[in-house]
2 protein chains.
Amino acid sequence: MSWSSQEVRLAQRPQGRPDASTWQLATAEVPEPGPGEFVVRVELVSLDPAMRGWLNDARSYIPPVGIGEVMRAFAAGEVVASQNEDFAVGDAVSGTFGVREHALSDGEGVTKLDLGVAPMATWLGALGMPGMTAYFGLEDVGRAQPGETVLVSAAAGAVGSVVAQLAKAKGCRVIGVAGGPDKVAWLRELGLDEVIDRKEGDLLRQVRRAAPDGVDVYFDNVGGELLDAALASLARGARIAICGAISTYNDETLAEGPRRYMALLVFRARMQGFLVMDYLDRYPEGIAAISRLIQQDRLVATETVLEGGVAGFPDALLGLFDGVNTGKLLLKV
Amino acid sequence: MSWSSQEVRLAQRPQGRPDASTWQLATAEVPEPGPGEFVVRVELVSLDPAMRGWLNDARSYIPPVGIGEVMRAFAAGEVVASQNEDFAVGDAVSGTFGVREHALSDGEGVTKLDLGVAPMATWLGALGMPGMTAYFGLEDVGRAQPGETVLVSAAAGAVGSVVAQLAKAKGCRVIGVAGGPDKVAWLRELGLDEVIDRKEGDLLRQVRRAAPDGVDVYFDNVGGELLDAALASLARGARIAICGAISTYNDETLAEGPRRYMALLVFRARMQGFLVMDYLDRYPEGIAAISRLIQQDRLVATETVLEGGVAGFPDALLGLFDGVNTGKLLLKV
């Protein structure tokens with residue numbers, strides 16, 4: 001037996017925003033698993049801002065996706081055939097399966113998912129990489145303390161929505177920034193202390209008004225103008241956790257840097273980058289903390305699931321940069 | 001008795017580079033000290049990059065110098081009259097006396113100098129604020145460890161020359177950046193492992209060649225292009241100590257920020273600002289460490305002393321930005 005599997009390959013590297021010429025839809029035959037292998041029927045593909053970086057031919061923390069290769073993607077699905085004793089048919093799993101319908105795996109980097117704790121979608125969101133990014137970024141890099149003011153960008157997104165709720169649960173004063181009235185309203189429902197609509201402009205004025213005593217922790221997913229506004233509004237001893245810079249990922253040239261970085265000196269503050277992959281061995285701690293809050297109804301795990309199958313991937317990725325999602329953005333295969 | 005004292009006042013705030021219109025030379029009468037007061041005959045005035053920031057009408061870590069006020073300056077001299085029991089006539093002292101010939105003080109922020117340990121000039125340099133900036137920036141912010149690669153900008157300057165030598169004494173591999181062949185030669189004599197002449201351009205290529213395994217600690221006094229070159233050349237887990245940005249201080253508009261700041265994420269690195277004034281209570285530790293190295297001939301304290309008296313201050317300050325000095329730049333009163 002084998003599986004005919006649609007997949008999305010990188011046809012050419014995009015300049016700026018990816019378009020139809022970036023991708024090629026193809027079909028591959030996935031064979032019976034050999035010894036130690038298993039086959040996953042992918043059900044959900046994760047859309048992540050980091051994907052844009054993987055398309056660039058540049059030195060980074062991970063090699064770029066090669067031309068002609070299947071697009072790298074985190075995903076979840078069900079084992080449908082196995083010759084690996086750790087993974088049985090019927091197991092729910094997540095891993096870097098790529099944008100395809102069926103994936104052959106040897107189990108490396110694959111995690112079994114307990115669907116009794118949370119549905120598969122949540123295991124790609126609040127209990128997956130975005131949730132762990134939120135948890136370790138806030139705890140280890142931002143070092144948020146009860147009573148401190150925490151500013152979160154892209155606060156309605158996969159990472160930001162968890163950061164904001166974790167910070168609230170810790171007893172911080174939380175200011176979220178999001179785009180548009182629907183997201184703003186949703187964040188208010190989640191109980192954030194202040195919500196800034198970035199589409200209303202003048203971020204510096206808005207941040208200063210929301211944080212008159214300064215920002216102790218800024219969790220930065222976006223870069224750009226908001227990073228400068230945060231720098232100009234820091235409290236003494238502040239920490240900026242650099243998680244991403246989605247506002248610049250589709251720029252054709254290297255974006256401007258944060259002009260106000262010397263605020264780090266004025267406020268004796270620090271700006272620190274991190275990658276969630278460095279915390280892999282501490283995932284159990286993060287998963288325990290977030291699942292406990294979910295059970296206590298103190299944290300809402302939210303996902304936006306797009307239909308369209310593997311062929312819908314190019315549009316889904318653009319949707320991510322356009323901010324179509326509330327919470328984690330997923331593509332249903 | 002009283003003292004007729006020349007002084008330099010801020011006449012108007014400069015746009016960009018200060019010029020003749022920025023300053024006003026005036027004469028004041030300094031009276032006999034009252035109870036608890038004393039009079040200092042200023043002998044050496046310290047020229048510091050931070051002075052440029054004090055001229056701007058902007059929110060910062062310290063209020064700006066007011067129009068018509070004596071220019072703020074760190075200085076050293078001798079007590080010539082006293083009604084303060086802690087300071088006797090003949091004592092050598094340092095403090096924020098300003099750009100003037102005689103200063104009246106109540107002793108606040110004034111330190112007695114042991115000229116048996118080092119001459120007055122060194123107490124404004126390697127054993128003064130610049131030396132303490134070097135020590136705490138390297139130890140506390142940069143956290144340099146033996147065997148690590150330390151990149152130092154303005155390495156022939158007051159702070160940089162101490163940073164470079166402290167790092168060498170710790171067993172680090174030290175790369176210094178300075179402007180012009182004389183400074184480069186001087187730094188090679190001090191024993192630095194690599195010296196980059198910034199006037200030869202292409203700093204990114206030069207830094208990468210000097211630090212093929214990456215920079216663990218970058219001590220930044222200059223900002224601008226070199227900060228970007230350092231960011232692009234970091235080692236994993238690197239620390240950037242933000243001490244200053246002299247290359248931008250005379251810009252008329254806010255300079256561009258570091259475009260490559262997302263290297264902080266790729267390299268899991270941090271960038272942290274600091275102010276030496278926060279370490280006042282730990283000065284004895286820094287002074288002990290540096291004076292020990294001086295006694296062991298493992299650290300050379302160097303000063304460039306300009307003649308010209310108080311009236312020479314405007315040119316001396318420009319000289320600082322033009323890099324006329326090797327080591328600490330001082331003005332003899």
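Because the structure is predicted, anything quoted here is derived from the model rather than measured. (Residues numbered from 1 in each chain as written. Chains lettered and ligands numbered in written order. Predicted model: local features only at pLDDT ≥ 70, side-chain atom pairs only at ≥ 80, totals over all residues. Heavy atoms only, no water.)

## Quick look at the interface of chain A and chain B
We count it as follows: Throughout, a contact is declared for two residues whenever any of their heavy atoms are within 4.5 Å. In short, buried area is how much 1.4 Å probe accessible area vanishes from two parts on joining, totalled over both. Salt bridge criterion: a side-chain nitrogen from Lys or Arg within 4 Å of a carboxyl oxygen from Asp or Glu.
Taken together, the 38 residues of chain A in the interface contact 38 residues of chain B. Between chain A and chain B lies a buried interface of about 2,900 Å² when both sides are counted; carbon and sulfur atoms form 61% of it. Counting the surface chain A buries against chain B, the share from its top three residues, Y261, L265 and R268 of chain A, is 21%. At the boundary of chain A with chain B, the tally comes to four salt bridges.

## Details of the UniProt feature "domain: Enoyl reductase (ER)" (unreviewed entry) in chain A
Quick reminder of the rule: UniProt positions are given in the numbering used here, feature names are shortened, and annotations may be inferred rather than shown by experiment. The way it works is that DSSP assigns letters per residue, a run of H or I at least four long becomes a helix, a run of E at least two long becomes a strand, and they are numbered from the N terminus.
As annotated by UniProt and renumbered to match this structure, "domain: Enoyl reductase (ER)" (unreviewed entry) occupies residues 16–331 of chain A. Helix makes up 28% of residues 16–331 of chain A and strand 24%. Its end C-alpha atoms lie 22 Å apart.

## Notes on the environment of L203 of chain A
Residue and element names in this part refer to chain A. Stated formally: Under the scheme applied here, a residue whose accessible area is under 20% of the maximum for its type counts as buried, over 50% as exposed, and between as partly exposed, the area being computed with a 1.4 Å probe on protein chains only.
If you trace the backbone, L203 turns up in helix α6 (residues 203–210). Owing to a relative accessible area of 6%, L203 belongs among the buried residues under this scheme. Taking the C-alpha atoms as reference, L203 lies 56 Å from G34; in sequence the two are 169 residues apart. Non-local contacts of L203, meaning those with residues more than four positions away in its chain, are made with I196, R198, E225, L226 and A229.

## Notes on the relation of the copies chain A and chain B
Formally: Least squares is the method for superposing the copies, and the C-alpha atoms it fits come from residues with pLDDT of at least 70 in both.
The two copies are related by a screw operation: chain A maps onto chain B through 180 degrees of rotation and 0.0 Å of translation along the axis, at an RMSD of 0.0 Å. Expressed as an axis order, the relation between the two copies is that of a two-fold axis. Taking C-alpha positions as reference, the residue of chain A nearest the rotation axis is G257 of chain A, located at 2.0 Å. Same-surface contact between copies: 100% of interface residues of chain A are shared with the interface of chain B.

## Digging into unusual backbone geometry
Unusually for a residue other than glycine, D202 of chain A sits at a positive phi of about 40 degrees. Positionally, D202 of chain A belongs in the loop between β10 (194–197) and α6. Positive phi is not limited to glycine here, since A154 of chain B has a value of about 45 degrees.

## A closer look at the nonpolar core
Let me state the cut-off plainly: In plain words, nonpolar cores are sets of buried Ala, Val, Leu, Ile, Met, Phe, Trp, Tyr and Cys residues tied together by side-chain atoms within 4.5 Å.
Y218, I240 and M271 of chain A together with Y218, I240 and M271 of chain B are the most contacted members of the largest nonpolar core, which has 62 residues in total. Non-local contacts of M271 of chain A, meaning those with residues more than four positions away in its chain, are made with L227, I240, I242, P258 and L264 of chain A together with Y261, L264, A269, R270 and M271 of chain B.

## Things to note about the domain arrangement of chain A
When the parts come together, some accessible area is lost, and that loss is often what is quoted as the size of the interface. All names here are of chain A. The following threshold applies: Domain segmentation is taken from an automatic or database assignment of domains. Any pair of N or O atoms that falls within 3.5 Å is considered a polar contact. Within protein, one atom must be able to donate a hydrogen and the other to accept it, and sequence-neighbouring residues count only if both atoms are side-chain atoms. Residues are grouped as follows: Ala, Val, Leu, Ile, Met, Phe, Trp, Tyr, Cys and Pro are nonpolar; Asp, Glu, Lys and Arg are charged; every other residue, Gly included, is polar.
Split by domain assignment, chain A resolves into domain 1 (3–124 + 302–332) and domain 2 (129–277). Its C-alpha centre places domain 1 at a distance of 28 Å from the equivalent point of domain 2. Opposite the 17 residues of domain 1 that make contact, domain 2 presents 15 residues. Ranking the residues of domain 1 by area buried against domain 2 places Y61, F321 and T326 at the top, with a combined share of 28%. If you look at where domain 1 meets domain 2, you find zero salt bridges. Linking domain 1 with domain 2 are five residue pairs in polar contact (both at pLDDT 80 or more). Residue classes in the side of domain 1 that touches domain 2 are distributed as seven nonpolar, seven polar and three charged.

## Describing the packing of aromatic side chains
For clarity, the cut-off: Note on ring pairs: Phe, Tyr and Trp rings are taken, using the six-membered ring of Trp, and paired if centres are within 6.5 Å. Classes follow the plane angle, with under 30 degrees stacked, over 60 edge-to-face and the rest tilted. Only Lys NZ and Arg CZ are tested; either one counts as a charge over a ring when it is within 6 Å of the ring centre and within 35 degrees of the ring normal.
All told, the structure shown has 10 aromatic pairs over all chains when counted by the stated rule. Plain terms: the ring middles of F219 of chain A and F274 of chain A are 6.1 Å apart, the flat faces sit at 75 degrees to each other, and that makes the pair edge-to-face. Placement of F219 of chain A in strand β11 (residues 215–220) and of F274 of chain A in the loop between β13 (270–273) and α9 (283–295) is noted, with a sequence separation of 55 residues between them. The same class applies to F219 of chain A and to F274 of chain A, which are both buried. Arranged with centres 4.9 Å apart and planes meeting at 90 degrees, the rings of Y135 of chain B and F136 of chain B form a pair that is edge-to-face. Among the aromatic side chains, those forming a connected cluster through ring pairs are Y135, F136 and Y279 of chain A. The ring of W54 of chain A carries the charged tip of R72 of chain A above its face, separated from the ring centre by 5.1 Å.

## A look at the sheet that holds strand β8 (residues 149–152) of chain A
Quick reminder of the rule: Any two strands are treated as partners once DSSP identifies two or more bridges connecting them. Axes, fitted as lines to C-alpha atoms, cover a helix only where it is in contact. Angles between the N-to-C directions of the axes lie from 0 to 180 degrees.
What the 12 strands build is an open sheet, ordered β10(A)-β9(A)-β8(A)-β11(A)-β12(A)-β13(A)-β13(B)-β12(B)-β11(B)-β8(B)-β9(B)-β10(B); its pairing is mixed. Single-partner strands in this sheet number two, and they are β10 of chain A together with β10 (194–197) of chain B. Ignoring strand direction, the axes of neighbouring strands in this sheet form an average angle of 15 degrees. As paired strands, strand β12 (residues 234–242) of chain A and β13 of chain A are joined by four bridges and run parallel to one another. Within β13 of chain A, the position partnered with A241 of chain A by the bridge is Q272 of chain A. Helix-sheet contacts for helix α5 (residues 181–189) of chain B involve β9 (173–178) and β10 of chain B, and the interaxial angle to β10 of chain B is about 175 degrees.

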